[in-house]
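Listed below, chain by chain, are the residues.
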Amino acid sequence: MEATVRQAYEAFRERQAERGVDLAGVEERLRAQRVETPSWGYGNSGTRFAVFPQPGVPRNPFEKLQDAAQVHAHTGICPSVALHIPWDAVEDYRELADYAGSLGLRLGAINPNLFQEEDYRLGSVCNPDPAVRRRATDHLLECVEIAGEVGSRVLSLWLADGTNYPGQDSFVERRGRMLECLSEVYGRMPEDMRLLLEYKLFEPAFYHTDLCDWGCALTMCQKLGERALVLVDLGHHAQGVNVEHIVSLLLDEGRLGGFHFNNRKYADDDLVVGSINPFELFLIYVELLEAEEDPGVRIEYMIDQAHNIEPKIEAMILSVMNLQEAYAKALLVDREALREARLSGDVLGAHRLLLEAYGADVRPLCAKVREDLGGRADPVAAFRRSGYLERVAEERREGRPAGWA
(Lines give C-alpha, C1' and ligand atoms only; values in the text may rest on other atoms or scores of the structure.)
Protein backbone atom coordinates (compact mmCIF):
# COMPACT_ATOMS: atom_id res chain seq x y z
CA MET A 1 0.00 0.00 0.00
CA GLU A 2 1.33 3.43 -0.94
CA ALA A 3 2.35 5.61 2.01
CA THR A 4 -0.30 8.26 1.36
CA VAL A 5 -3.05 5.64 1.08
CA ARG A 6 -1.82 3.91 4.23
CA GLN A 7 -1.80 7.16 6.19
CA ALA A 8 -5.30 8.11 5.08
CA TYR A 9 -6.57 4.63 5.88
CA GLU A 10 -4.99 4.60 9.35
CA ALA A 11 -6.57 7.96 10.16
CA PHE A 12 -9.93 6.64 8.99
CA ARG A 13 -9.51 3.45 11.02
CA GLU A 14 -8.76 5.42 14.18
CA ARG A 15 -11.87 7.59 13.73
CA GLN A 16 -14.07 4.53 13.28
CA ALA A 17 -12.50 2.79 16.26
CA GLU A 18 -13.58 5.72 18.40
CA ARG A 19 -17.14 5.05 17.22
CA GLY A 20 -16.81 1.36 18.06
CA VAL A 21 -17.09 0.23 14.42
CA ASP A 22 -15.88 -3.27 13.56
CA LEU A 23 -13.85 -2.21 10.57
CA ALA A 24 -12.60 -5.75 9.95
CA GLY A 25 -16.17 -6.86 9.34
CA VAL A 26 -16.80 -3.86 7.08
CA GLU A 27 -13.72 -4.62 5.01
CA GLU A 28 -14.69 -8.28 4.70
CA ARG A 29 -18.06 -7.37 3.22
CA LEU A 30 -16.52 -4.77 0.93
CA ARG A 31 -14.10 -7.37 -0.42
CA ALA A 32 -17.06 -9.66 -1.11
CA GLN A 33 -18.97 -6.99 -3.07
CA ARG A 34 -19.56 -7.91 -6.72
CA VAL A 35 -20.94 -5.80 -9.56
CA GLU A 36 -21.66 -7.01 -13.09
CA THR A 37 -20.88 -4.69 -15.98
CA PRO A 38 -22.84 -4.72 -19.26
CA SER A 39 -21.29 -5.54 -22.62
CA TRP A 40 -23.40 -2.83 -24.26
CA GLY A 41 -21.90 -0.20 -22.00
CA TYR A 42 -18.64 -0.49 -23.93
CA GLY A 43 -20.12 0.07 -27.39
CA ASN A 44 -21.18 3.22 -29.20
CA SER A 45 -24.48 4.70 -28.06
CA GLY A 46 -26.40 7.94 -28.13
CA THR A 47 -29.81 9.54 -27.93
CA ARG A 48 -32.89 9.22 -30.13
CA PHE A 49 -31.30 11.88 -32.31
CA ALA A 50 -27.75 10.68 -32.86
CA VAL A 51 -25.13 8.12 -31.94
CA PHE A 52 -21.78 9.55 -30.90
CA PRO A 53 -18.84 7.36 -31.92
CA GLN A 54 -15.70 7.20 -29.80
CA PRO A 55 -12.19 6.00 -30.63
CA GLY A 56 -11.23 2.54 -29.47
CA VAL A 57 -14.78 1.21 -29.19
CA PRO A 58 -14.91 -2.61 -29.38
CA ARG A 59 -15.88 -4.17 -32.70
CA ASN A 60 -17.14 -7.49 -31.32
CA PRO A 61 -18.02 -9.25 -28.04
CA PHE A 62 -14.46 -10.44 -27.53
CA GLU A 63 -13.14 -6.87 -27.52
CA LYS A 64 -15.95 -5.84 -25.18
CA LEU A 65 -14.63 -8.44 -22.74
CA GLN A 66 -11.16 -6.95 -23.05
CA ASP A 67 -12.52 -3.57 -21.93
CA ALA A 68 -14.55 -5.15 -19.13
CA ALA A 69 -11.38 -6.86 -17.91
CA GLN A 70 -9.82 -3.42 -17.48
CA VAL A 71 -12.67 -2.37 -15.18
CA HIS A 72 -12.26 -5.52 -13.11
CA ALA A 73 -8.47 -5.19 -12.97
CA HIS A 74 -8.67 -1.65 -11.63
CA THR A 75 -11.58 -2.06 -9.20
CA GLY A 76 -11.33 -5.70 -8.14
CA ILE A 77 -15.08 -6.39 -7.92
CA CYS A 78 -16.39 -6.82 -11.50
CA PRO A 79 -15.64 -10.40 -12.57
CA SER A 80 -18.80 -10.92 -14.65
CA VAL A 81 -20.16 -9.36 -17.84
CA ALA A 82 -23.78 -9.35 -18.99
CA LEU A 83 -24.52 -10.18 -22.64
CA HIS A 84 -27.22 -8.74 -24.90
CA ILE A 85 -28.53 -11.00 -27.65
CA PRO A 86 -28.32 -10.55 -30.63
CA TRP A 87 -25.93 -7.62 -30.06
CA ASP A 88 -23.40 -10.11 -28.67
CA ALA A 89 -24.28 -13.06 -30.89
CA VAL A 90 -21.34 -15.30 -31.89
CA GLU A 91 -21.05 -18.62 -33.66
CA ASP A 92 -19.44 -20.39 -30.70
CA TYR A 93 -20.58 -19.30 -27.25
CA ARG A 94 -18.30 -21.74 -25.49
CA GLU A 95 -15.38 -20.01 -27.19
CA LEU A 96 -16.65 -16.67 -25.88
CA ALA A 97 -17.01 -18.07 -22.37
CA ASP A 98 -13.53 -19.57 -22.50
CA TYR A 99 -12.10 -16.26 -23.69
CA ALA A 100 -13.81 -14.50 -20.77
CA GLY A 101 -12.18 -17.02 -18.43
CA SER A 102 -8.76 -16.31 -19.92
CA LEU A 103 -9.27 -12.66 -18.92
CA GLY A 104 -10.31 -13.52 -15.38
CA LEU A 105 -13.98 -12.95 -16.18
CA ARG A 106 -17.15 -14.99 -16.52
CA LEU A 107 -20.31 -14.36 -18.53
CA GLY A 108 -23.31 -13.22 -16.50
CA ALA A 109 -26.92 -12.38 -17.21
CA ILE A 110 -28.29 -12.99 -20.70
CA ASN A 111 -30.45 -10.10 -21.91
CA PRO A 112 -32.82 -10.85 -24.81
CA ASN A 113 -33.64 -8.11 -27.30
CA LEU A 114 -37.36 -7.85 -28.04
CA PHE A 115 -37.53 -4.23 -29.14
CA GLN A 116 -35.60 -3.62 -32.34
CA GLU A 117 -37.22 -5.87 -34.93
CA GLU A 118 -39.80 -4.56 -37.40
CA ASP A 119 -42.23 -7.25 -36.25
CA TYR A 120 -42.28 -5.82 -32.74
CA ARG A 121 -43.87 -2.50 -33.68
CA LEU A 122 -47.06 -3.50 -31.81
CA GLY A 123 -45.24 -5.44 -29.12
CA SER A 124 -43.41 -8.73 -28.72
CA VAL A 125 -44.92 -11.18 -26.21
CA CYS A 126 -48.00 -8.94 -25.95
CA ASN A 127 -48.46 -8.55 -29.70
CA PRO A 128 -51.95 -9.39 -31.01
CA ASP A 129 -50.37 -11.46 -33.82
CA PRO A 130 -49.68 -15.06 -32.68
CA ALA A 131 -46.85 -15.38 -35.21
CA VAL A 132 -45.03 -12.42 -33.70
CA ARG A 133 -45.51 -13.77 -30.19
CA ARG A 134 -44.10 -17.10 -31.38
CA ARG A 135 -41.02 -15.35 -32.75
CA ALA A 136 -40.52 -13.47 -29.49
CA THR A 137 -40.93 -16.63 -27.41
CA ASP A 138 -38.49 -18.52 -29.60
CA HIS A 139 -35.92 -15.78 -29.09
CA LEU A 140 -36.35 -16.06 -25.33
CA LEU A 141 -35.90 -19.82 -25.55
CA GLU A 142 -32.78 -19.28 -27.65
CA CYS A 143 -31.41 -17.06 -24.89
CA VAL A 144 -32.11 -19.79 -22.31
CA GLU A 145 -30.00 -22.14 -24.43
CA ILE A 146 -27.23 -19.56 -24.77
CA ALA A 147 -27.23 -19.12 -21.00
CA GLY A 148 -26.69 -22.84 -20.62
CA GLU A 149 -23.79 -22.78 -23.07
CA VAL A 150 -21.94 -19.98 -21.27
CA GLY A 151 -22.74 -21.09 -17.73
CA SER A 152 -25.15 -18.27 -16.91
CA ARG A 153 -28.06 -18.81 -14.55
CA VAL A 154 -29.81 -15.48 -15.09
CA LEU A 155 -32.22 -14.42 -17.83
CA SER A 156 -32.74 -10.66 -17.52
CA LEU A 157 -35.77 -9.41 -19.44
CA TRP A 158 -37.00 -5.92 -20.26
CA LEU A 159 -40.02 -5.56 -22.52
CA ALA A 160 -40.72 -2.46 -24.59
CA ASP A 161 -44.31 -3.64 -25.10
CA GLY A 162 -47.07 -1.06 -24.77
CA THR A 163 -49.60 0.95 -26.75
CA ASN A 164 -49.61 4.46 -28.18
CA TYR A 165 -53.33 5.26 -28.21
CA PRO A 166 -56.41 4.56 -26.07
CA GLY A 167 -58.39 1.72 -27.55
CA GLN A 168 -55.44 0.34 -29.49
CA ASP A 169 -55.51 -2.98 -27.63
CA SER A 170 -56.93 -4.68 -24.55
CA PHE A 171 -54.85 -4.29 -21.38
CA VAL A 172 -56.14 -7.60 -20.01
CA GLU A 173 -55.61 -9.57 -23.20
CA ARG A 174 -52.07 -8.22 -23.56
CA ARG A 175 -51.28 -9.33 -20.03
CA GLY A 176 -52.67 -12.77 -20.79
CA ARG A 177 -50.51 -13.05 -23.89
CA MET A 178 -47.44 -12.07 -21.87
CA LEU A 179 -48.19 -14.66 -19.21
CA GLU A 180 -48.68 -17.38 -21.82
CA CYS A 181 -45.34 -16.66 -23.52
CA LEU A 182 -43.33 -16.20 -20.34
CA SER A 183 -44.85 -19.33 -18.79
CA GLU A 184 -43.54 -21.39 -21.70
CA VAL A 185 -40.07 -19.88 -21.25
CA TYR A 186 -40.15 -20.29 -17.47
CA GLY A 187 -41.11 -23.94 -17.89
CA ARG A 188 -38.11 -24.55 -20.14
CA MET A 189 -35.59 -22.91 -17.83
CA PRO A 190 -33.26 -25.16 -15.80
CA GLU A 191 -34.12 -25.45 -12.12
CA ASP A 192 -31.14 -23.32 -11.13
CA MET A 193 -31.95 -20.47 -13.56
CA ARG A 194 -33.79 -17.33 -12.52
CA LEU A 195 -35.87 -14.95 -14.60
CA LEU A 196 -35.42 -11.29 -13.66
CA LEU A 197 -38.33 -9.20 -14.89
CA GLU A 198 -37.67 -5.49 -15.34
CA TYR A 199 -40.25 -2.72 -15.44
CA LYS A 200 -40.25 0.82 -16.81
CA LEU A 201 -42.69 3.68 -16.30
CA PHE A 202 -42.80 4.75 -19.95
CA GLU A 203 -41.05 4.60 -23.33
CA PRO A 204 -41.08 3.71 -26.10
CA ALA A 205 -44.89 3.48 -26.02
CA PHE A 206 -46.74 6.74 -25.35
CA TYR A 207 -50.06 5.63 -23.83
CA HIS A 208 -49.31 2.64 -21.62
CA THR A 209 -46.45 0.24 -20.92
CA ASP A 210 -47.35 -3.38 -20.19
CA LEU A 211 -44.82 -3.66 -17.34
CA CYS A 212 -44.87 -0.10 -16.08
CA ASP A 213 -44.04 -0.49 -12.37
CA TRP A 214 -42.93 -2.85 -9.64
CA GLY A 215 -46.48 -4.00 -8.95
CA CYS A 216 -47.03 -5.14 -12.55
CA ALA A 217 -43.69 -6.96 -12.52
CA LEU A 218 -44.27 -8.49 -9.09
CA THR A 219 -47.71 -9.91 -9.85
CA MET A 220 -46.44 -11.38 -13.13
CA CYS A 221 -43.54 -13.01 -11.25
CA GLN A 222 -45.96 -14.43 -8.68
CA LYS A 223 -47.94 -16.03 -11.49
CA LEU A 224 -44.83 -17.50 -13.09
CA GLY A 225 -43.18 -19.10 -10.06
CA GLU A 226 -40.61 -18.73 -7.30
CA ARG A 227 -37.65 -18.33 -9.67
CA ALA A 228 -39.20 -15.28 -11.31
CA LEU A 229 -38.10 -12.11 -9.52
CA VAL A 230 -38.27 -8.36 -10.02
CA LEU A 231 -35.35 -6.37 -11.38
CA VAL A 232 -35.20 -2.70 -10.33
CA ASP A 233 -33.65 -0.19 -12.72
CA LEU A 234 -32.94 3.06 -10.90
CA GLY A 235 -33.90 5.14 -13.95
CA HIS A 236 -37.29 3.55 -14.57
CA HIS A 237 -39.47 5.42 -12.09
CA ALA A 238 -41.55 8.57 -11.96
CA GLN A 239 -39.95 11.63 -10.42
CA GLY A 240 -40.06 11.55 -6.64
CA VAL A 241 -40.71 7.81 -6.28
CA ASN A 242 -39.21 6.37 -3.11
CA VAL A 243 -37.05 3.64 -4.64
CA GLU A 244 -35.66 2.44 -1.32
CA HIS A 245 -39.23 1.81 -0.16
CA ILE A 246 -39.83 -0.35 -3.24
CA VAL A 247 -36.61 -2.22 -2.44
CA SER A 248 -37.78 -2.97 1.12
CA LEU A 249 -41.20 -4.15 -0.09
CA LEU A 250 -39.72 -6.50 -2.67
CA LEU A 251 -37.24 -7.83 -0.12
CA ASP A 252 -40.07 -8.48 2.31
CA GLU A 253 -41.92 -10.41 -0.39
CA GLY A 254 -38.79 -12.37 -1.25
CA ARG A 255 -39.02 -11.16 -4.84
CA LEU A 256 -36.12 -8.75 -5.29
CA GLY A 257 -33.89 -10.35 -7.89
CA GLY A 258 -31.49 -7.62 -8.84
CA PHE A 259 -30.61 -4.09 -9.85
CA HIS A 260 -29.68 -2.22 -12.96
CA PHE A 261 -27.64 0.56 -11.45
CA ASN A 262 -27.50 3.95 -13.16
CA ASN A 263 -28.66 7.48 -12.37
CA ARG A 264 -31.01 10.01 -13.89
CA LYS A 265 -32.04 13.62 -13.59
CA TYR A 266 -35.30 13.56 -15.54
CA ALA A 267 -36.08 10.10 -16.90
CA ASP A 268 -34.11 7.05 -18.01
CA ASP A 269 -30.95 9.06 -18.54
CA ASP A 270 -28.40 6.26 -17.98
CA LEU A 271 -25.99 8.56 -16.17
CA VAL A 272 -23.10 7.32 -14.06
CA VAL A 273 -24.59 5.74 -10.94
CA GLY A 274 -24.33 8.03 -7.94
CA SER A 275 -23.66 11.11 -10.06
CA ILE A 276 -27.00 12.86 -9.46
CA ASN A 277 -28.51 11.45 -6.27
CA PRO A 278 -25.83 9.65 -4.25
CA PHE A 279 -27.90 9.85 -1.06
CA GLU A 280 -30.63 7.73 -2.66
CA LEU A 281 -28.01 5.14 -3.61
CA PHE A 282 -26.79 5.08 -0.01
CA LEU A 283 -30.34 4.64 1.32
CA ILE A 284 -30.96 1.74 -1.06
CA TYR A 285 -27.88 -0.02 0.28
CA VAL A 286 -29.06 0.64 3.84
CA GLU A 287 -32.19 -1.38 3.03
CA LEU A 288 -30.20 -4.11 1.31
CA LEU A 289 -27.65 -4.80 4.03
CA GLU A 290 -29.82 -6.76 6.42
CA ALA A 291 -31.19 -8.86 3.57
CA GLU A 292 -27.65 -9.72 2.47
CA GLU A 293 -27.04 -11.39 5.82
CA ASP A 294 -29.66 -14.02 4.95
CA PRO A 295 -27.82 -16.83 3.10
CA GLY A 296 -30.99 -17.60 1.17
CA VAL A 297 -31.12 -14.15 -0.42
CA ARG A 298 -29.37 -13.72 -3.76
CA ILE A 299 -29.42 -10.32 -5.43
CA GLU A 300 -27.77 -9.59 -8.77
CA TYR A 301 -26.00 -6.22 -8.79
CA MET A 302 -25.59 -5.04 -12.38
CA ILE A 303 -24.76 -1.75 -14.06
CA ASP A 304 -26.96 -0.72 -16.99
CA GLN A 305 -25.62 2.47 -18.54
CA ALA A 306 -25.11 3.82 -22.03
CA HIS A 307 -22.17 6.21 -21.97
CA ASN A 308 -22.91 8.62 -24.79
CA ILE A 309 -20.41 11.47 -24.38
CA GLU A 310 -18.14 10.29 -21.57
CA PRO A 311 -15.21 7.86 -22.04
CA LYS A 312 -16.75 4.42 -21.67
CA ILE A 313 -14.23 2.46 -19.63
CA GLU A 314 -13.48 5.40 -17.36
CA ALA A 315 -17.22 6.01 -16.83
CA MET A 316 -17.70 2.36 -15.90
CA ILE A 317 -14.80 2.50 -13.44
CA LEU A 318 -16.23 5.63 -11.83
CA SER A 319 -19.63 3.95 -11.55
CA VAL A 320 -18.09 1.01 -9.72
CA MET A 321 -16.17 3.30 -7.39
CA ASN A 322 -19.41 5.13 -6.52
CA LEU A 323 -21.06 1.79 -5.74
CA GLN A 324 -18.14 0.80 -3.52
CA GLU A 325 -18.35 4.06 -1.59
CA ALA A 326 -22.14 3.95 -1.18
CA TYR A 327 -21.90 0.38 0.09
CA ALA A 328 -19.10 1.27 2.48
CA LYS A 329 -21.10 4.15 3.96
CA ALA A 330 -24.13 1.92 4.46
CA LEU A 331 -21.92 -0.58 6.29
CA LEU A 332 -20.93 2.15 8.75
CA VAL A 333 -24.49 2.74 9.97
CA ASP A 334 -24.81 1.92 13.68
CA ARG A 335 -27.65 -0.58 13.32
CA GLU A 336 -28.20 -1.13 17.03
CA ALA A 337 -28.40 2.59 17.78
CA LEU A 338 -30.69 3.07 14.77
CA ARG A 339 -33.10 0.42 16.04
CA GLU A 340 -33.15 1.96 19.50
CA ALA A 341 -33.84 5.42 18.07
CA ARG A 342 -36.69 4.06 15.97
CA LEU A 343 -38.32 2.21 18.84
CA SER A 344 -38.07 5.20 21.14
CA GLY A 345 -39.57 7.55 18.56
CA ASP A 346 -36.37 9.59 18.26
CA VAL A 347 -37.08 10.84 14.74
CA LEU A 348 -34.11 13.12 14.27
CA GLY A 349 -31.81 10.85 16.22
CA ALA A 350 -32.48 8.05 13.74
CA HIS A 351 -32.02 10.43 10.82
CA ARG A 352 -28.75 11.79 12.19
CA LEU A 353 -27.36 8.26 12.48
CA LEU A 354 -27.82 7.86 8.75
CA LEU A 355 -26.33 11.27 8.05
CA GLU A 356 -23.30 10.46 10.19
CA ALA A 357 -22.54 7.34 8.16
CA TYR A 358 -23.28 9.07 4.87
CA GLY A 359 -20.94 11.93 5.73
CA ALA A 360 -17.97 9.66 6.36
CA ASP A 361 -15.12 9.98 3.88
CA VAL A 362 -14.76 6.31 2.95
CA ARG A 363 -12.37 6.85 0.05
CA PRO A 364 -9.29 5.66 2.02
CA LEU A 365 -11.19 2.54 3.10
CA CYS A 366 -12.28 1.72 -0.47
CA ALA A 367 -8.79 2.40 -1.81
CA LYS A 368 -7.33 -0.03 0.72
CA VAL A 369 -9.92 -2.71 -0.10
CA ARG A 370 -9.28 -2.33 -3.83
CA GLU A 371 -5.58 -2.85 -3.27
CA ASP A 372 -6.37 -5.90 -1.12
CA LEU A 373 -8.22 -7.31 -4.13
CA GLY A 374 -5.41 -6.56 -6.55
CA GLY A 375 -7.02 -3.40 -7.90
CA ARG A 376 -5.85 0.19 -7.75
CA ALA A 377 -6.19 2.76 -4.99
CA ASP A 378 -7.14 5.38 -7.61
CA PRO A 379 -8.56 3.34 -10.50
CA VAL A 380 -9.36 6.26 -12.81
CA ALA A 381 -5.88 7.77 -12.54
CA ALA A 382 -4.28 4.34 -12.94
CA PHE A 383 -6.34 3.59 -16.04
CA ARG A 384 -5.45 6.92 -17.59
CA ARG A 385 -1.77 6.23 -16.99
CA SER A 386 -1.98 2.72 -18.43
CA GLY A 387 -2.21 3.84 -22.05
CA TYR A 388 -4.78 1.11 -22.73
CA LEU A 389 -7.29 3.40 -24.45
CA GLU A 390 -4.67 4.90 -26.75
CA ARG A 391 -3.43 1.45 -27.68
CA VAL A 392 -6.82 -0.06 -28.51
CA ALA A 393 -7.86 3.12 -30.36
CA GLU A 394 -4.99 2.41 -32.74
CA GLU A 395 -5.62 -1.35 -32.89
CA ARG A 396 -9.34 -0.96 -33.57
CA ARG A 397 -9.19 1.72 -36.24
CA GLU A 398 -10.40 -0.63 -38.95
CA GLY A 399 -13.76 -2.35 -38.99
CA ARG A 400 -17.19 -1.51 -37.68
CA PRO A 401 -17.50 -0.51 -34.00
CA ALA A 402 -20.17 -2.21 -31.92
CA GLY A 403 -23.22 -0.20 -30.93
CA TRP A 404 -26.93 -0.41 -30.41
CA ALA A 405 -27.97 1.63 -33.43
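Structure: see above.
Presented here is a report on the structure given in the accompanying data block. (Residues numbered from 1 in each chain as written. Predicted model: local features only at pLDDT ≥ 70, side-chain atom pairs only at ≥ 80, totals over all residues. Heavy atoms only, no water.)

### Details of the overall build of the chain
Secondary structure summary: the chain contains 15 helices and twelve strands in total. Its C-alpha atoms give the chain a radius of gyration of 22 Å, within 12% of the compact-globule value 22 Å for 405 residues. Taken along its principal axes, the extent of the C-alpha atoms in the chain is 65 × 60 × 40 Å. Scored against the burial criterion, the 405 residues of the chain give a buried share of 54%. Pairs at least 24 apart in sequence give 79% of the contacts found in the chain among residues at least 6 apart. Surface accessibility of the chain: about 18400 Å² in total, with carbon and sulfur atoms responsible for 50%. A gap of 2 Å separates the mean positions of the 45 positive and 66 negative side-chain charges of the chain. (Helix = DSSP H or I, 4+ residues; strand = E, 2+ residues; numbered from the N terminus. Rg over C-alpha atoms; globule rule 2.2 N^0.38 Å. Buried < 20%, exposed > 50% of the residue type's maximum accessible area, 1.4 Å probe, protein only. Contact = heavy atoms within 4.5 Å. Areas by Shrake-Rupley, 256 points an atom, 1.4 Å probe, with all protein chains shown as cover. Lys, Arg positive; Asp, Glu negative; His and termini not counted. Charge placed at Lys NZ, Arg CZ, Asp CG, Glu CD.)

### What to know about the nonpolar core
Ranked by internal contacts, the top residues of the largest apolar core, which has 107 residues, are Ile110, Val125, Phe259, Phe261, Tyr285, Leu288 and Leu365. Per element, the largest residue contribution to this core is eleven residues, and it comes from helix H10 (residues 312-331). (Core = buried A, V, L, I, M, F, W, Y, C linked by side-chain atoms within 4.5 Å.)

### So, helix H3 (residues 61-75)
The end-to-end C-alpha distance of H3 is 21 Å, a good match for the 21 Å that 15 residues give at a rise of 1.5 Å each. H3 sits mainly inside the fold: twelve of its 15 residues count as buried. Regarding H3, the residues found buried are Pro61, Glu63, Lys64, Leu65, Asp67, Ala68, Ala69, Gln70, Val71, His72, His74 and Thr75. With a side-chain oxygen lying 3.0 Å from the backbone nitrogen of Phe62, the N-terminal cap of H3 falls on Asn60. (Expected span 1.5 Å × (residues − 1). Polar contact = N/O pair within 3.5 Å; in protein donor to acceptor, adjacent residues only side chain to side chain.)

### A few points about the packing of H3 against helix H14 (residues 379-386)
Across the interface, H3 lies against H14 with an axial gap of 9 Å and an inter-helix angle of 130°. The angle between H3 and H14 falls in the class oblique. As for how H3 packs across H14, the hand of that crossing is right-handed. Between H3 and H14, the contacting residues are Gln70, His74 and Thr75 on the first element and Pro379, Ala382 and Phe383 on the second. The residue makeup of the contact of H3 with H14, split by class, is three nonpolar, three polar and no charged. (Axes fitted to C-alpha atoms, helices over the stretch in contact; angles between N-to-C directions. Parallel < 35°, antiparallel > 145°, perpendicular 65-115°, else oblique. Left-handed = near helix turned anticlockwise from the far one by under 90°. Nonpolar A, V, L, I, M, F, W, Y, C, P; charged D, E, K, R; others polar.)

### A word on the side chain of Glu36
If you trace the backbone, Glu36 turns up in the loop between helix H2 (23-32) and strand E1 (37-38). Within the buried core, Glu36 has no salt-bridge partner, and the shortest N-O distance to an opposite charge, that of Arg106, equals 4.6 Å. With sequence-adjacent residues up to four places away left out, Glu36 is seen in contact with Ser80, Val81, Ala82, Gly108, Ala109, Tyr301, Met302 and Ile303. (Salt bridge = Lys/Arg side-chain N within 4 Å of Asp/Glu carboxyl O.)

### Topic: a negative patch on the surface
Where like charges cluster on the molecular surface, the negative patch consists of Glu91, Asp92, Glu95, Glu142, Glu145 and Glu149. For the negative patch, the element with the most residues is helix H5 (residues 130-150), which contributes three residues. Locating Glu91 in the fold gives a position in the loop between strand E4 (80-85) and helix H4 (93-102). (Patch = residues over 30% accessible without salt bridge, like charges linked within 9 Å, V, L, I, M, F, W, Y side chains within 5 Å.)

### Thoughts on unusual backbone geometry
Cis rather than trans, the peptide bond between Ile85 and Pro86 has omega equal to 15°. Position of Pro86 relative to the elements: it lies in the loop between E4 and H4. That bond from Glu203 to Pro204 is cis: its omega, 10°, falls within 30 degrees of zero. Following the sequence through the fold, Pro204 ends up in the loop between strand E8 (194-198) and strand E9 (208-209). Backbone geometry places Glu203, a non-glycine residue, at a positive phi of 75°. Note that Glu203 resides in the loop between E8 and E9. Its identity as a non-glycine residue notwithstanding, Asp270 has a phi of 55°, on the positive side.

### Observations regarding the pattern of salt bridges
In total, this model carries 32 salt bridges according to the counting rule given. Arg391 is the partner of Glu395 in a salt bridge, and the nearest nitrogen-oxygen pair spans 3.2 Å. Placement of the pair is Glu395 and Arg391 together in helix H15 (residues 388-395), with a separation of four residues, close to one helical turn. Here Glu395 falls in the partly exposed class, since its relative accessible area comes to 46%.

### Thoughts on the packing of aromatic side chains
A full pass over the atoms with the stated rule returns 14 aromatic pairs. Seen in terms of ring centroids, Phe261 and Tyr301 are 6.1 Å apart; in terms of plane orientation they differ by 10°. Their pairing is stacked. Of this pair, Phe261 sits in strand E11 (residues 256-261) while Tyr301 sits in strand E12 (residues 300-303), and the two are 40 residues apart along the sequence. An aromatic cluster of three or more residues is present, and its members are Phe259, Phe261, Tyr285, Tyr301 and Tyr327. In this structure, Arg227 packs its charged tip against the face of Tyr186, placed 4.7 Å from the ring centre. (Phe/Tyr/Trp six-rings, centres within 6.5 Å; stacked < 30°, edge-to-face > 60°. Lys NZ or Arg CZ within 6 Å of the ring centre and 35° of its normal.)

### Structural notes on the pairing of strand E10 (residues 228-233)
A large share of E10 lies buried, amounting to six of its six residues. Pairing of E10 with E11 involves four bridges; the strand directions are parallel. Within the sheet, the bridge partner assigned to Val232 lies in E11 and is Phe259. For the handedness criterion, the β-α-β arrangement of E10, helix H8 (residues 243-252) and E11 is classed as right-handed. (Pairing = 2+ DSSP bridges. Right-handed = clockwise from strand over helix to strand, strands pointing away.)

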